[in-house]
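Chains, contacts and geometry: an overview
So you can see what is in the structure, the chains are spelled out below.
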Amino acid sequence: MLDPMLKLVFTLRRLPELSREEFQRYWLENHAPLVRKNAAALRIHRYVQVHTTDDEISTALRVSRGGPEEYDGVAELWWLTRENLVAALETPEGQAAGQELLEDERRFIDLSRSPLWLGEEKPQVEP
C-alpha cells in the first residue's frame, strides 16, 4: 500500500467588501495562476479549487443539518510526502513562493475566518 499523500485543506471566506462572485473570479483568474507559477518551488503535487455554489440544494443540505454559514470555497493542495513540503519550505525559493502566495491571499481571503490544516486522506469509496 502506498503512503498517503499529505493534503492541505483551506476553507475560505472572502473579505467583506467582495461579493462571492468577485471573490471566486479573483481566486480562479488571479490566484490560481500564481499557485501554478510557484508549484515547483513549493513541490505541490496537486491543487484544486472547490467553488461554493449558491443553489437550493446546497442551502437545504446545510439547513437540514443545522450547519453554519457556508464557506466561499475550499482549496486543496497535495504533496507526495510530508518531507517534500518541509524541504520546499526550507529553500529560499520555497520561502519566497510561500510569501508571494500569502501576500496575494490577503487581497481576497479573510484569513482570520478561514481555517486551514494538514491531513491525510483515508479513502473509503473509490471508483
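Cut-offs used in this document
Residues numbered from 1 in each chain as written. Predicted model: local features only at pLDDT ≥ 70, side-chain atom pairs only at ≥ 80, totals over all residues. Heavy atoms only, no water. Helix = DSSP H or I, 4+ residues; strand = E, 2+ residues; numbered from the N terminus. Buried < 20%, exposed > 50% of the residue type's maximum accessible area, 1.4 Å probe, protein only. Polar contact = N/O pair within 3.5 Å; in protein donor to acceptor, adjacent residues only side chain to side chain. Expected span 1.5 Å × (residues − 1). Arc of directions from axis to C-beta. Contact = heavy atoms within 4.5 Å. Pairing = 2+ DSSP bridges. Axes fitted to C-alpha atoms, helices over the stretch in contact; angles between N-to-C directions.

In this section: the environment of Asp55. Tracing the chain through its elements places Asp55 in the loop between strand E2 (46–51) and helix H2 (56–64). Classification of Asp55 as partly exposed rests on a relative accessible area of 34%. Polar contacts involving the side chain of Asp55 include one to the main-chain amide nitrogen of Ser58, which spans 2.7 Å.

Attention now goes to helix H4 (residues 92–105). Relative to the 20 Å expected for 14 residues at 1.5 Å per residue, H4 spans 20 Å between its end C-alpha atoms, a close match to the ideal helical length. What H4 keeps buried is the set Gly94, Ala97, Leu101, Asp104 and Glu105. On an axial view of H4, the arc spanned by its buried residues comes to 105°, and they lie on one face. The secondary structure elements touched by the buried residues of H4 are strand E1 (6–12), helix H1 (20–42) and helix H3 (82–90).

Next up on the list: the side chain of Asn38. Positionally, Asn38 belongs in helix H1. We classify Asn38 as buried; its relative accessible area is 7%. For Asn38, the contacting residues outside a window of four places in its chain are Ala97, Glu100 and Leu101.

Read from one edge of the open sheet, four strands run E2-E3-E1-E4, paired in antiparallel fashion. Pairing within the sheet leaves two strands with one partner each, and these edge strands are E2 and strand E4 (116–120). Pairs of neighbouring strands in the sheet enclose a mean axial angle of 20°, with direction left out of account. As defined by bridge partners, E1 adjoins strand E3 (residues 73–79) across seven bridges and the pair is classed as antiparallel. Opposite Leu8, over in E3, you have Leu77 as the bridge partner.

This part covers unusual backbone geometry. In this structure, Arg43 takes a positive phi of about 60° despite not being glycine. Looking at the element boundaries, Arg43 is found in the loop between H1 and E2. Accessibility expressed as a relative area gives 38% for Arg43, which makes it partly exposed.

The analysis is restricted to geometry; functional conclusions fall outside its scope.
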